[in-house]
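# Notes for the structure review
Each chain, letter by letter, is given below.
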Amino acid sequence: MFVSLAYFQAQTVNRFERRSTLLTRALGVAINTMENLKFQENLTVGEFEAREGEFFIFTRVEEFSPSLHKLRVVVKDRDEQEILSLQTLRKK
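Now for a look at the structure at hand. (Residues numbered from 1 in each chain as written. Predicted model: local features only at pLDDT ≥ 70, side-chain atom pairs only at ≥ 80, totals over all residues. Heavy atoms only, no water.)

## Some words on the overall build of the protein chain
- For the protein chain, the count of helices and strands is one helix and four strands.
- In sequence order, the secondary structure elements of the protein chain are arranged as α-β-β-β-β.
- Computed over the C-alpha atoms, the radius of gyration of the protein chain is 18 Å, more than 25% above the 12 Å expected from 2.2 N^0.38 for a compact globule of 92 residues.
- Viewed in the frame of its principal axes, the protein chain has a C-alpha envelope of about 65 × 20 × 15 Å.
- Among the 92 residues that make up the protein chain, the fraction classed as buried is 26%. (Helix = DSSP H or I, 4+ residues; strand = E, 2+ residues; numbered from the N terminus. Rg over C-alpha atoms; globule rule 2.2 N^0.38 Å. Buried < 20%, exposed > 50% of the residue type's maximum accessible area, 1.4 Å probe, protein only.)

## Re the pattern of salt bridges
- Taken as a whole and assessed by the stated rule, the structure comprises five salt bridges.
- As a salt-bridge pair, Glu62 and Arg60 come within 3.6 Å of each other at their nearest N and O atoms.
- Owing to a relative accessible area of 30%, Arg60 belongs among the partly exposed residues under this scheme.
- Among the charged side chains, a salt-bridge network with shared partners connects Glu47, Arg60 and Glu62. (Salt bridge = Lys/Arg side-chain N within 4 Å of Asp/Glu carboxyl O.)

## Some details on the packing of aromatic side chains
- Throughout the structure, instances matching the rule amount to zero aromatic pairs.
- Positioned over the ring face of Phe58 is Lys76, at 4.6 Å from the centre of the ring. (Phe/Tyr/Trp six-rings, centres within 6.5 Å; stacked < 30°, edge-to-face > 60°. Lys NZ or Arg CZ within 6 Å of the ring centre and 35° of its normal.)

## Comments concerning the nonpolar core
- Phe55, Val73, Val75 and Ile83 are the most contacted members of the largest nonpolar core, which totals 15 residues.
- Of all the secondary structure elements, the ones that give two or more residues to this core are helix H1 (2-38), strand E2 (55-65), strand E3 (68-76) and strand E4 (82-91). (Core = buried A, V, L, I, M, F, W, Y, C linked by side-chain atoms within 4.5 Å.)

## Focus on unusual backbone geometry
- Positive phi values are uncommon outside glycine, yet Glu80 reaches one of about 60°.
- Mapped onto the secondary structure, Glu80 falls in the loop between E3 and E4.
- Classification of Glu80 by relative accessible area gives partly exposed; the value is 43%.

See the structure below:
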């Protein structure tokens, strides 16, 4: 019984560690994508898709006001399940 409990705990820790690593990598991809958008000279309003490594990146640029764009970056996994999303405003 002790061995099966230890095995179960090891599996749980391993699963959390993999999820944490996935979230960390996805956050890095999302931040890099967002930073690239923030520093582009002329943003194009619309939705865009890209792939970086194991992630699918969905980007949306909208007009928020006459002087601001709304930027949204969504990172999804291979199964197209959303891992995380970031959004911010940027001057036009």
